[in-house]
Structures are given as C-alpha cells and as structure tokens.
2 protein chains.
Amino acid sequence: MVMSGSQDGRRHSRDDVSEMALRLLDEYGLPDLTMRHIANALEVRASALYWHFPNKQALLAAVSARILRPMEDVRVEEMTVSEAVRRLGARLRECLLAYRDAAELVSSSLALGLVDSPIRPQLLAVTRRDEVPDPLARVAAEAVMHFVVGYTFHEQQRLTADSFGLLPEDASLNPDDVSASPSDAGEFEEALTMIADGLEVVSASARAGARPGPDGRAESS
Amino acid sequence: MVMSGSQDGRRHSRDDVSEMALRLLDEYGLPDLTMRHIANALEVRASALYWHFPNKQALLAAVSARILRPMEDVRVEEMTVSEAVRRLGARLRECLLAYRDAAELVSSSLALGLVDSPIRPQLLAVTRRDEVPDPLARVAAEAVMHFVVGYTFHEQQRLTADSFGLLPEDASLNPDDVSASPSDAGEFEEALTMIADGLEVVSASARAGARPGPDGRAESS
DNA sequence: ACCTGAACACCGTTCAAGT
DNA sequence: ACCTGAACACCGTTCAAGT
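Here's what I pulled together on the structure shown here. Here the structure is a predicted model, which is why all the values come from computation and not from measurement.

Cut-offs and rules
Residues numbered from 1 in each chain as written. Chains lettered and ligands numbered in written order. Predicted model: local features only at pLDDT ≥ 70, side-chain atom pairs only at ≥ 80, totals over all residues. Heavy atoms only, no water. Helix = DSSP H or I, 4+ residues; strand = E, 2+ residues; numbered from the N terminus. Buried < 20%, exposed > 50% of the residue type's maximum accessible area, 1.4 Å probe, protein only. Areas by Shrake-Rupley, 256 points an atom, 1.4 Å probe, with all protein chains shown as cover. Least-squares fit on C-alpha atoms with pLDDT ≥ 70 in both. Contact = heavy atoms within 4.5 Å. Near = heavy atom within 4 Å. Polar contact = N/O pair within 3.5 Å; in protein donor to acceptor, adjacent residues only side chain to side chain. Nonpolar A, V, L, I, M, F, W, Y, C, P; charged D, E, K, R; others polar. Expected span 1.5 Å × (residues − 1). Arc of directions from axis to C-beta. Buried area = accessible area lost by both parts, 1.4 Å probe.

### Side note on the overall build of chain A
For step 1, the next point in the chain: Assigned secondary structure in chain A consists of nine helices and zero strands.
For step 2, the next point in the chain: Expressed as a percentage of its 221 residues, the buried residues of chain A come to 47%.
For step 3, the next point in the chain: When the accessible surface of chain A is totalled, it reaches about 11800 Å², and 50% of it is carbon and sulfur.

### With respect to the relation of the copies chain B and chain A
For step 1, the next point in the chain: For the pair chain B and chain A, the relating rotation is 180°, the translation along its axis is 0.0 Å, and the fit reaches an RMSD of 0.0 Å. Each copy turns onto its partner about a two-fold axis. No C-alpha of chain B approaches the rotation axis more nearly than that of Gly 198 of chain B, which lies at 1.9 Å.
For step 2, the next point in the chain: Mapped onto chain A, 100% of the interface residues of chain B again fall at the interface, so both copies present the same surface.

### Things to note about the protein's contact with DNA strand C
For step 1, the next point in the chain: Lining the immediate environment of DNA strand C, one finds 17 residues, of which Arg 36 and Tyr 50 of chain A together with Arg 45, Trp 51 and His 52 of chain B sit closest.
For step 2, the next point in the chain: A share of 54% of the atoms of DNA strand C within 4 Å of the protein falls on sugar and phosphate groups.
For step 3, the next point in the chain: Separating a phosphate oxygen of DNA strand C from a backbone N or O atom of Arg 45 of chain B is a distance of 2.6 Å.
For step 4, the next point in the chain: Note that a phosphate oxygen of DNA strand C is positioned 2.8 Å from one of the side-chain N or O atoms of His 52 of chain B.
For step 5, the next point in the chain: Of all elements in the fold, only helix 2 (35-41) of chain A together with helix 3 (49-52) of chain B reach the threshold of two or more residues within the surface near DNA strand C.
For step 6, the next point in the chain: Here the element with the most residues in the surface near DNA strand C is helix 2 of chain A; it accounts for three residues.

### Re the protein's contact with DNA strand D
For step 1, the next point in the chain: With respect to spatial proximity, 17 residues lie near DNA strand D, and among them Arg 45, Trp 51 and His 52 of chain A together with Arg 36 and Tyr 50 of chain B are the closest.
For step 2, the next point in the chain: Near the protein, within 4 Å, the atoms of DNA strand D are sugar or phosphate in 55% of cases.
For step 3, the next point in the chain: Measuring from a phosphate oxygen of DNA strand D, one finds a side-chain N or O atom of Lys 56 of chain B at 2.8 Å.
For step 4, the next point in the chain: Residue assignment for the surface near DNA strand D shows that the elements contributing at least two residues are helix 3 (49-52) of chain A together with helix 2 (35-41) of chain B.
For step 5, the next point in the chain: Broken down by element, the residue count for the surface near DNA strand D peaks at three residues, all from helix 2 of chain B.
For step 6, the next point in the chain: Grouping the constituent residues of the surface near DNA strand D by class yields five nonpolar, seven polar and five charged.

### Points about helix 5 (residues 81-97) of chain A
Residues and elements named next belong to chain A.
For step 1, the next point in the chain: Under the 1.5 Å per step criterion, the end-to-end length of helix 5 is 24 Å for 17 residues, consistent within 8% with the ideal 24 Å.
For step 2, the next point in the chain: Taken together, the buried positions of helix 5 are Val 81, Ser 82, Ala 84, Val 85, Leu 88, Gly 89, Leu 92, Arg 93, Cys 95 and Leu 96. Along the axis of helix 5, the buried positions cluster into a sector of 165°, meaning they face one direction only.
For step 3, the next point in the chain: Structurally, helix 5 contributes buried residues whose contacts are with helix 4 (56-68), helix 6 (102-111), helix 7 (120-129), helix 8 (134-163) and helix 9 (185-208).

### Digging into the side chain of Arg 93 of chain B
All names here are of chain B.
For step 1, the next point in the chain: Along the polypeptide, Arg 93 turns up in helix 5 (residues 81-97).
For step 2, the next point in the chain: On the basis of relative accessible area, Arg 93 is assigned to the buried category, the value being 13%.
For step 3, the next point in the chain: Leave out the neighbours within four places in its chain, and Arg 93 touches Val 148, Tyr 151, Thr 152, Glu 155, Ala 185 and Phe 188.

### Re the interface of chain B and chain A
For step 1, the next point in the chain: Counting residues at the interface gives 30 residues for chain B, matched by 31 residues for chain A.
For step 2, the next point in the chain: Taken over both partners, the interface formed by chain B and chain A buries close to 3000 Å², and the fraction arising from carbon and sulfur atoms is 69%.
For step 3, the next point in the chain: The three residues of chain B that bury the most area against chain A are His 146, Glu 190 and Met 194 of chain B, which together make up 22% of that side's buried surface.
For step 4, the next point in the chain: Along the contact surface separating chain B from chain A lie two residue pairs in polar contact (both at pLDDT 80 or more).
For step 5, the next point in the chain: Within the residue set of the side of chain B that touches chain A, elements represented by two or more residues are helix 6 (102-111), helix 8 (134-163) and helix 9 (185-208) of chain B.
For step 6, the next point in the chain: Element by element, the count of residues in the side of chain B that touches chain A is highest for helix 8 of chain B, at twelve residues.
For step 7, the next point in the chain: Residues belonging to the side of chain B that touches chain A are distributed by class as follows: 16 nonpolar, eight polar and six charged.

As structure tokens, then:
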C-alpha cells in the first residue's frame, strides 16, 4: 500500500507541510503552532522547514490559503448583487469557523498582503454583469471582507474562551451584562444585509447622478 | 525640579508603564515591544512589570485603551445617524494611524474582548434619539468597528512596508497590478457611506414593516 | 508597595555539512 | 533536492527574596 509520501516517507513537499500545519492549528491552536511542533509532527528538524518556506509568515500564508480554498466553490452567477454579498460573507465566516483560531490567522495574512481577497473576484463577476462601477464593487468587497474577518475573529475568541471555562466567573449573577453576546448568528446576517443594502443605494445613485466620473463615484446634487 | 515620578524615580505606576509602552510601540513597532524592552526603558527588570499587570496581553490592552482615548472627544449630539457613523469611523481610523502598528495591536485586544468598543456608546446615543432599535444600532457599531480596524490594519501594514522599501520590486513593470492600492482615503469614506446608508435603509424598514419584533428585526412582507 | 536575581521552558532563524 | 546538528540571540513567566 503505497501513499503519496505525506505519511511516513521522510521527505516532504510544501503541501505536506501546510496540510500538517493546518491539522496542528485545529488541534492545538495558533499559540502552539511553532516551527518546532510542525517539524516534529513531520518527523523532521525545524530547520528543514526553511527549505520549503522562507519564513514562518510565508508558511502561515499557505495555511491561510488552504483555509480559504472552499471560497472558490461558491457559485454566484445566478445571484443578485445583494445576494452575492450575503452568501459570500456567510461562506467566509463558515470557512473561518471550520478550524480553531483560523480567523486570527487569516486576519494577519490578509493584513500583511500575503493572501488575496477571498471575496473580490466573485463579487466583481456579478457587479460587472449588473453594471455596478468596479471601484465601488471593490470597496464593497473590502468592507465585507474586513467586517466578516473581524467579526468572526471576535466570535471565535469567545467560543474557544468559554470552551476553556475561562469566562463564566459571575456570569449568572449579572444577567444584564451582555458583553459576551449569545453568539447570535442572526446579528451577523443582519450586518451583511446592511452592507448589501448600502451597496445598492450607493450604486443606484452612482448610475443616476452625473456622469459616473473617472472613478465611478457620483457627486450628490 | 520634581516630576511625577515617570522619568527617573525608580518606582512606577501602571500608567507609567503603559505610557512608555506606547512610546516604544510608536518608535520600534509591535514585534519589538517585548516585556524586556519596556522594562529596560523604565530602568527596571522585566519581572517587575508583573507586579503591575498579570501578563503581557493585559499590558497591551492598557496600551490599546490609551490609543483609543481620543474617541471620547467626538461630540455626536448634533449629528444625524449617518453622519455619526462616518465621523466615528473616520476618527477611529485617525486614532489607529497615529501610532505605528496601532491597528494590529487594537485589533487583537478587541478580539480578545480586553477593550470596549470604541464606537458603540456614542453611536447608541444618536440612534436612541432617532428611535432606531438598539439591537440594530449595536450591529451597525460592530460592522463599522470591524471594517475600520481591518481596513486600517491592512493600510498601516502597507504604509510601514513601503517605508522600509520592501514592496517596490517590479511595481513599475506592471501598472495593471493595483493590488497595492494608492492608499485612497476616498475609498475608505465611501465604504463608511455604504454602511451608513445600509443602516438607514434597514432601520427605516424596521420602523415601517410589522411590529419591530422583540429584537428590532423586521420581517419582509 | 514595588522591585531584583535567577531560573524554566521555550522561541524563529541561519548555515555549514551531510546524502 | 531535501534534511541534520549545532548554534545564536532572543522570548514570557514564576517566585523566593530583598527593601
């Protein structure tokens, strides 16, 4: 029974490394995702990883890309712009919730510019079809992405925090303190709706008011 | 010439520590903001900091609170809801751009729940006046906060990256590649406008459609 | 109340050398 | 092409002990 070499074959590929790193991330969390632990799990010394990646950030970017891969499966062709905003946002949240600490990891890879926007290409496909100005659509893609990543980062932190029993304290004594919100998935979707509605308002007024201007922004009259 | 004790007096307060930490953050960046460096600058050993703070994250939260302090100065009483969203968002970005790596630092303190939302209290003041349902206003505050922090995190990373000359490479060879955008502050404001417009649409339909429902969400008819 | 000294158990990264 | 061995220059945190 011969395998591709990711199990025991002593010699590894970039993909083996990032796959194992994702597994360890999910099992032990980001703080324990060290070069030595990853190397150990691959039965290799830490220095070996530097043949595959120039540094730890690059390795983490590869893990981020793996986490975001399912975004490519979202089929947006038949959706309205507003629908696409909501579905892409919801799917992004699912991708991030699928692995422990994934939102924190992806947040930093995104900020460092080491992975591409997981939303932009697909959103642009539908906004172009509906003649929404490109710069406007790009701004919307950024707004959705940053909101979803930030929201899910916070949400995921609360989830793993009280799975470790770190928060209860006197929670039952002070029911008015809703700072640790009840993980309301409805409020997430409401925020996406808000952004989607905002995009429609702004792009409608961009189509109506004055010529679109060189960058697609409309001046109010 | 006697000073309050933050300069040379050998003995320090919590505030001395976070003030010095903010200074070092701005000068040397987050990766070099170590317990030993902070202690050194205060002419003290690293272990001394653990009398003032239980751990590094708590110290960093105090620094985050310092960075966000100017948010309290925003006077929103006379603003419309939409105006408040835009001004609070713009001011938050200014707070984060005022110190090196501040967006990254605040992003993590916020996600860990170690600092309060810098937007919510003031936004709630104006939405209550205009009878926007509270839960809706809270969602909007989260959307604005997460968007601004994420956007500015990314923006600030680009700024310090190319101040270190790390990005140029072949930028001039491929002018179509706008991945490193021209730091357009206009696009930031456009995104805030989008969210503000979205909030108005949703809250208008919440006021009109059906009874507001127990949580302020309206069902579409 | 505030700090030192010394230790513990780690980090990411480099680089000559091996096969 | 892929990895080892050994080192370098660090980390955050704890805790008895000092003043």
